[in-house]
Amino acid sequence: MPDLDDADRRLLRLLQRDATLSNQTLAEHAGLSASPAWRRVKRLMDEGYITRQVAIVPPAKAGMHAMAYVQVSLLDHREVSLAAFDRFVQDEAQIIECATITGTSDYLLKIVAADPEGLEHFIMRRMLALGIVRGTVTNFVLRQTKYTTAMPV
């Protein structure tokens, strides 16, 4: 982030913690007046440093009491298989993160469900039913010791 000065970084840190801050409060905490703070935030948005502002819902409040990281290996790497799996991932709300990875697996998914049985059902009846998954390795989350969406700036 070499194009950002200290004031930009302060604004980003504040907004990552609480995007609902009023412009006046944001400016005060960043050591700026309101108009420059507003212009800087607008520029950060226009330049893609801020892509969206969202509400973060705790999984338990959404009825999701089970979470797992699932490593997925596909049967093959043909374009049709990759596209089918990518479509599946995009269409399934229970998959809250997905990354292609190096190593023995192709993907790492973060999946939520109401309970462990719901996770099992999702993996066995939804994902494996695609017919393109060779295998999975599932790691249930027992307790989450850190969770943040904030990037270090």
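Report on the accompanying structure. Predicted model only: the values in this text are computed from it and were never measured. Starting from 1, residues in each chain are numbered consecutively following that chain's sequence as written. It should be noted that, the model being predicted, local features are given only for residues of pLDDT at least 70 and side-chain atom pairs only at 80 or more, the latter also being counted only at that level, while totals for whole chains, interfaces and linings use all residues. With hydrogens and water excluded, all non-hydrogen atoms of the structure serve as input to the side-chain values.

Let's talk about the layout of surface pockets
Only protein atoms enter the calculation, which uses a 1 Å grid: trapped sets of points that fit a 1.4 Å probe without letting it out are cavities, open sets showing protein on both sides within 12 Å along at least five of seven lines are pockets, and any residue with an atom within 4 Å of a point is a lining residue. Grid points are joined across faces, edges and corners, and a volume is the space filled by probe spheres set on the points. Taken as a whole, the largest pocket holds about 1,300 Å³ of empty space. Forming the walls of the largest pocket are 35 residues, and the residues nearest its centre are Arg52, Val54, Ile56, Tyr147 and Thr149. We count a stretch as a helix when DSSP gives it H or I for four or more residues in a row; a strand needs E for two or more, and each element gets its number in order from the N terminus. Elements supplying a minimum of two residues to the lining of the largest pocket: helix H1 (6–17), strand E2 (95–100) and strand E3 (107–113). No other element matches the four residues that H1 contributes to the lining of the largest pocket.

A short note on a nonpolar patch on the surface
Taken together, the side chains of Val54, Ile56 and Tyr147 make up a nonpolar region of the molecular surface, amounting to roughly 320 Å² of accessible area. Checked against the element boundaries, Tyr147 lands in the segment after strand E4 (133–140). Relative accessibility thresholds used throughout: buried, under 20% of the residue-type maximum; exposed, over 50%; partly exposed, between the two (1.4 Å probe, protein chains only). Tyr147 sits in the partly exposed class, given a relative accessible area of 46%. Grouping into patches uses exposed residues only, defined as over 30% relative accessible area, and leaves out salt-bridged ones; the cut-off is 9 Å for like charges and 5 Å for nonpolar side chains (Val, Leu, Ile, Met, Phe, Trp, Tyr). All accessibility values rest on the Shrake-Rupley procedure with a 1.4 Å probe; residue burial counts only the protein chains present in the view. Just to be clear on terms, a salt bridge is a Lys or Arg side-chain nitrogen sitting within 4 Å of an Asp or Glu carboxyl oxygen.

Observations concerning the sheet that holds E3
Spatial ordering of the open sheet is given by E2-E3-E1-E4, a layout of four strands whose pairing is antiparallel. At either end of the open sheet lies a strand with only one pairing partner, and these are E2 and E4. Each adjacent strand pair in this sheet contributes to an overall mean axis angle of 20°, direction not counted. DSSP-based pairing: two strands are paired if at least 2 bridges between them are found. As paired strands, strand E1 (residues 66–74) and E4 are joined by seven bridges and run antiparallel to one another. Bridging from a neighbouring strand, Gln71 pairs with Val137 of E4. In the packing of helix H4 (residues 79–91) onto the sheet, the strands contacted are E1, E2, E3 and E4, and the crossing angle to E3 comes to about 30°. Orientation is described by lines fitted to C-alpha atoms, with helices fitted over the stretch in contact, and by angles between N-to-C directions that extend from 0 to 180 degrees. For this analysis, residues touch if any pair of their heavy atoms sits within 4.5 Å.

With respect to the packing of aromatic side chains
Stacked, tilted and edge-to-face are the three classes assigned to paired rings of Phe, Tyr and Trp, where Trp is represented by its six-membered ring and a pair needs centres within 6.5 Å; plane angles under 30 degrees give stacked, over 60 edge-to-face, the rest tilted. Per the counting criterion, the structure on display carries three aromatic pairs. Centroid distance Phe85 to Phe88: 6.1 Å. Interplanar angle 40°. Geometry classified as tilted. Of this pair, Phe85 and Phe88 both sit in helix H4, three residues apart, which is roughly one turn of the helix. There is no split in this pair, since Phe85 and Phe88 are both buried.

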